[in-house]
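Geometric and topological summary
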Amino acid sequence: MRTKIVVGNWKMNNTIAESEILAQELIAALGENFSGCEVGIAPTFLALDAAGKAIEGSGIQLVAQNCHYENDGAYTGEVSARMLTAAGCSSVIIGHSERRQYFGETNVTVNLRIKKALSEGLNVILCVGETLAQRESGVTEAIIASQVREGLMDISDISSLVIAYEPVWAIGTGKTASSAQAEEVHLHIRTLVAELYGKEAAAALRIQYGGSVKPSNAAELFAMPNIDGGLIGGASLNAADFVAIVKAASH
Ligand code: PEP
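Every value quoted in this text rests on a predicted model; they were computed, and no experiment measured them. (Residues numbered from 1 in each chain as written. Predicted model: local features only at pLDDT ≥ 70, side-chain atom pairs only at ≥ 80, totals over all residues. Heavy atoms only, no water.)

Describing the overall build of the protein chain
Summing up its helical and strand segments, the protein chain has 11 helices and eight strands in all. In terms of overall size, the protein chain behaves like a compact globule, its C-alpha atoms giving a radius of gyration of 17 Å where 251 residues would be expected to give roughly 18 Å. Over its C-alpha atoms, taken along the principal directions, the protein chain stretches across nearly 45 × 45 × 35 Å. A burial count over the protein chain gives 51% of its 251 residues as buried. For the protein chain, the proportion of contacts with a sequence separation of at least 24, taken over those separated by at least 6, is 72%. Taken as a whole, the protein chain presents about 11000 Å² of accessible surface, with 54% of it coming from carbon and sulfur. Charge centroids of the protein chain, computed over 18 positive and 27 negative side chains, lie 3 Å from each other. (Helix = DSSP H or I, 4+ residues; strand = E, 2+ residues; numbered from the N terminus. Rg over C-alpha atoms; globule rule 2.2 N^0.38 Å. Buried < 20%, exposed > 50% of the residue type's maximum accessible area, 1.4 Å probe, protein only. Contact = heavy atoms within 4.5 Å. Areas by Shrake-Rupley, 256 points an atom, 1.4 Å probe, with all protein chains shown as cover. Lys, Arg positive; Asp, Glu negative; His and termini not counted. Charge placed at Lys NZ, Arg CZ, Asp CG, Glu CD.)

Shown next, in the form of structure tokens:
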């Protein structure tokens, strides 16, 4: 039985003060309502400290939105995995489609970042997903397979890994993959992971869905056998909506 995991990706939203307020609102609204579900928030780097202090002792996990693959050095604008661990993060999102689309991330750099993050003791959420053009030309499974294979190249232990399937056409667009469409890709990912790492590791791997998840569609998505929670963008910026999504994943 896999524990569901719901993470709010706040992206480039909220000042330090606003992040602190949102974290406090979340704690107040969540209460004890997330038994049987892991919950995390991913504020901007700048707000990790304040949000981390606000959620201290609440059971909510502090997640970063990215990390570099070197420990330190001349990489202006970047933050290393070592720094995130020291800042209190337990996990990091790697390979988000916005990183791939706007910041030149490739499967190769995603792989380097994952290796470094794991070596620093962070849990990793690896994001994969196809564009609309790729879906329409029938290459969804091939694209996802290369993102998984190349992203995990030379990584032997996936016990600290979560994969987030996020169809690019569903992110921030209001278009959600139907639960059947999402389940089909999640099953494909699990089957591929079984080929690469064996049945036991594949059965234990959590695969989140992300892409316009809302309180109104969360329960149906999370009820699918291979959907183990969600990576939530827009709806995670509103405490009531995020809590409703967490409740849909909790028992
Ligand atoms: C995301 O960016 O990870 C995401 C799923 O965004 P949204 O929920 O806004 O589609």
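Examining the pairing of strand S2 (residues 37-42)
Among the six residues of S2, five are classified as buried, and the element is accordingly described as predominantly covered. As paired elements, strand S1 (residues 4-9) and S2 share six bridges and run parallel to each other. Each residue of the ladder has a partner; that of Gly8, found in S2, is Ile41. Pairing of S2 with strand S3 (residues 61-64) involves two bridges; the strand directions are parallel. In the strand pairing of S3, Ile41 is matched with Leu62. Running through helix H2 (residues 48-55), the crossover from S2 to the neighbouring parallel element S3 is right-handed. (Pairing = 2+ DSSP bridges. Right-handed = clockwise from strand over helix to strand, strands pointing away.)

Some thoughts on the nonpolar core
Where a protein is soluble and globular, its nonpolar side chains tend to be buried together. In terms of nonpolar packing, the biggest core is built from 65 residues, with Val6, Leu84, Val92, Ile163, Ile189, Tyr209 and Phe222 touching the most fellow members. Of all the elements, helix H11 (residues 239-249) adds the most residues to this core, at six residues. Aside from chain neighbours lying at most four places away, what touches Leu84 is Phe45, Leu48, Ala64, Asn66, Cys67, Val79, Cys89, Val92 and Leu122. (Core = buried A, V, L, I, M, F, W, Y, C linked by side-chain atoms within 4.5 Å.)

Here's the deal with the site of the ligand
Neighbouring residues of the ligand: 14 residues in total, closest Lys11, His96, Glu166, Gly172 and Ser212. A distance of 2.7 Å separates an oxygen atom of the ligand from a polar side-chain atom of His96. Contacts to the ligand include Glu166, whose side-chain N or O atom sits 2.7 Å from an oxygen atom. Of the residues in the shell around the ligand, the class split is four nonpolar, eight polar and two charged. (Near = heavy atom within 4 Å. Polar contact = N/O pair within 3.5 Å; in protein donor to acceptor, adjacent residues only side chain to side chain. Nonpolar A, V, L, I, M, F, W, Y, C, P; charged D, E, K, R; others polar.)

Thoughts on the packing of helix H1 (residues 16-30) against H2
At a minimum axis distance of 8 Å, the contact between H1 and H2 shows a crossing angle of 20 degrees. Between H1 and H2, the angle falls in the class roughly parallel. Of the two possible hands of crossing, H1 and H2 adopt the one that is right-handed. Taking contact as the criterion, the partners of Ile16, Glu20, Ala23, Gln24 and Ile27 in H1 are, on H2, Ala50, Ala51, Ala54 and Ile55. Tallied by class, the residues present in the contact of H1 with H2 amount to seven nonpolar, one polar and one charged. (Axes fitted to C-alpha atoms, helices over the stretch in contact; angles between N-to-C directions. Parallel < 35°, antiparallel > 145°, perpendicular 65-115°, else oblique. Left-handed = near helix turned anticlockwise from the far one by under 90°.)

Quick word on unusual backbone geometry
One non-glycine residue, Asn14, lies in positive phi territory at about 80 degrees. If you trace the backbone, Asn14 turns up in the loop between S1 and H1. The class of Asn14 is partly exposed, set by a relative accessible area of 27%.

Structural notes on the side chain of Asn111
Of note, Asn111 is situated in helix H5 (residues 107-119). Under the relative-accessibility criterion, Asn111 is labelled buried at 6%. Residues within four places of Asn111 in sequence aside, it is in contact with Glu150, Gly151, Leu152, Met153 and Ile155.

Focus: the pattern of salt bridges
In the structure shown here, the tally under the stated rule is 11 salt bridges. Across the pair Arg2 and Asp228 runs a salt bridge, and its minimum N-O distance is 2.9 Å. Placement of the pair is Arg2 in the segment before S1 and Asp228 in the loop between helix H10 (215-222) and strand S8 (229-232), with a sequence separation of 226 residues. The salt bridge partner of Lys53 is Asp49, with a shortest N-O separation of 2.8 Å. Linking Lys53 with Asp49, this pair stays in helix H2, spanning four residues, or about one helical turn. Three or more residues joined by partner-sharing salt bridges are found here, namely Glu78, Arg99, Glu105 and Arg113. (Salt bridge = Lys/Arg side-chain N within 4 Å of Asp/Glu carboxyl O.)

Structural measurements only, silent on function.
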